[in-house]
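One-letter residues, chain by chain:
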Amino acid sequence: MSLALNLPEALTDKAFHYCPGCTHGIVHRLVAEVIDELGIRENTVGIASVGCSVLAYNYFNLDVVQAAHGRAPAVATGVKRVLPEQVVFTYQGDGDLASIGTAEIVHAAARGEKITVIFVNNSCYGMTGGQLAPTTLLGQKTTTSPLGRRENIDGYPLNIIEMLATLRAPAFLARTSVHKPSMVVRAKKVIRKAFETQINNEGFAMVEILSTCPVNWGLTPIQALKWLEEKMIPIYPLGEFKLPGRS
Ligand SMILES: Cc1ncc(C[n+]2csc(CCOP(=O)(O)OP(=O)(O)O)c2C)c(N)n1
């Protein structure tokens, strides 16, 4: 039998621990493929966050630093400033980045740190049991909003990319998704741009990737992909919100 697809060199051969239908694995693979294609594996440093992807250091076959919850942009800032020749990226969930680490990401973006941020938005705190996160949709049921998110009690979802797009410094800001094969192909291009922005010394780059959490959403993997497309994309529109050279 011939081998149809090789494992990217930037991934180890450890099996992912992610739940069936979770898209963290797809995003890991896309990041690894981009790193391989850019030929930067040996001078790339990843910053793992706290959340389901806390074990990312087991999967990426490169140097990875583990940051405290929400603090990945600060750790990335330190690594990049000390080792400017390294390509530095953070890999963060929405609870990590949009809740506990809100200030970190805003200030790293405002300072225009030359790092790449991979932001995986699955609209809940996945690892700790599916609680309401800043990105939870209005009406979405979670363990801490069993009646659905209500704006008068829980406020409105945070559109982080649009918020950061109001800042002058960020060079590349985009939102993409991995809910169907054509989108996976597109997501890879966007992730590549986010790395190229750093390699070209153009400034802060961040890509938000809409992702599924079937177990905590109480849906099958197939239903979750449909839910993402029908419910999340209208609230979190896909596209490029800032491009290098255009403030
Ligand atoms: C300062 C701090 N607060 C809270 C926690 C508990 N905690 C660990 S993982 C997690 C949820 C992370 O969710 P998210 O960032 O959305 O990533 P996901 O698990 O969905 O991939 C929380 C709240 C912690 N470890 N540290």
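So, here's what we can say about the structure. All figures in this text were calculated on a predicted structure; none of them were measured in a lab.

This part covers the overall build of the protein. Counting its regular elements, the protein contains 10 helices and seven strands. In terms of C-alpha radius of gyration, the protein reaches 17 Å, essentially the compact-globule figure of 18 Å for 247 residues. In the protein, buried positions account for 51% of the 247 residues. Taking contacts inside the protein between residues at least 6 apart in sequence as the whole, the part at least 24 apart equals 68%. Carbon and sulfur atoms provide 56% of the accessible area of the protein, an area that totals close to 11100 Å².

The subject of this paragraph is the sheet that holds strand S1 (residues 44-48). The strand order S2-S1-S3-S4-S6-S5-S7 describes an open sheet built from seven strands, whose pairing is mixed. Of all strands in the sheet, those bounded by a partner on one side alone are strand S2 (63-66) and strand S7 (239-242). Strand-to-strand twist of the sheet, defined as the mean angle between neighbouring strand axes without regard to direction, takes the value 20°. With five bridges connecting them, strand S3 (residues 87-93) and strand S4 (residues 116-121) associate as parallel partners. Residue pairing in the sheet places threonine 90 in a bridge with valine 117 of S4. Lying over the sheet, helix H1 (residues 24-38) contacts S1, S3, S4 and strand S6 (205-210), oriented at roughly 175° with respect to S3.

Looking now at the site of the ligand. If you check the shell around the ligand, you find 16 residues, and the closest are Cys52, Gly95, Asp96, Gly126 and Met127. Interatomic distance of 2.8 Å between a backbone N/O atom of cysteine 52 and an oxygen atom of the ligand. Methionine 127 places a polar main-chain atom, nitrogen or oxygen, 2.8 Å from an oxygen atom of the ligand. For the ligand, whose free accessible area comes to 590 Å², the fraction covered by protein is 72%. For the shell around the ligand, the leading source of residues is helix H4 (residues 94-100), giving four residues. Split into classes, the residues belonging to the shell around the ligand amount to six nonpolar, eight polar and two charged.

We now examine the pattern of salt bridges. Enumeration according to the criterion identifies 15 salt bridges in this entry. Glutamate 208 is paired through a salt bridge with arginine 175; the nearest N and O atoms lie 3.1 Å apart. With glutamate 208 in strand S6 and arginine 175 in strand S5 (residues 172-177), the pair connects residues that are 33 residues apart, well separated along the chain. Assigned by exposure class, glutamate 208 and arginine 175 land together as buried. Here the residues in one salt-bridge network are Arg29, Glu33, Glu37, Lys188, Arg192 and Glu196, joined through shared partners.

Conventions adopted
Every chain's residues receive numbers from 1 upward, in the order its sequence appears when written. Local features are withheld for residues below a pLDDT of 70 in this predicted model, meaning they are given only at 70 or higher, and side-chain atom pairs are given and counted only at 80 or more; totals for whole chains, interfaces and linings count all residues. To obtain the side-chain values, all non-hydrogen atoms of the structure were used and water was disregarded. A run of H or I in DSSP becomes a helix once it reaches four residues, and a run of E becomes a strand once it reaches two; helices and strands are each numbered from the N terminus. Here the radius of gyration uses the C-alpha set of atoms, whereas the globule reference equals 2.2 Å times the residue count to the power 0.38. Burial status follows relative accessibility: with a 1.4 Å probe on protein chains alone, a residue under 20% of its type maximum counts as buried, one over 50% as exposed, and anything between as partly exposed. The contact definition used throughout considers only heavy atoms, calling two residues in contact when any of these lie within 4.5 Å. Note on areas: these come from Shrake-Rupley sampling with a 1.4 Å probe, and a residue is covered only by the protein chains present in the view. When DSSP finds at least two bridges between two strands, those strands are taken to pair. Note on definitions: angles span 0 to 180 degrees between N-to-C directions of axes, and those axes are lines fitted to C-alpha atoms, for helices only across the stretch in contact. Summary of the distance rule: residues count as near a molecule or strand when at least one heavy atom falls within 4 Å of that molecule or strand. Polar contacts, as used here, are pairs of N or O atoms within 3.5 Å; protein pairs need one atom able to donate a hydrogen and one able to accept it. Residues neighboring in sequence count only if both atoms are side-chain atoms. Polar here means any residue outside two lists: the nonpolar Ala, Val, Leu, Ile, Met, Phe, Trp, Tyr, Cys and Pro, and the charged Asp, Glu, Lys and Arg; Gly therefore counts as polar. When a carboxyl oxygen of Asp or Glu lies within 4 Å of a side-chain nitrogen of Lys or Arg, that pair is called a salt bridge.

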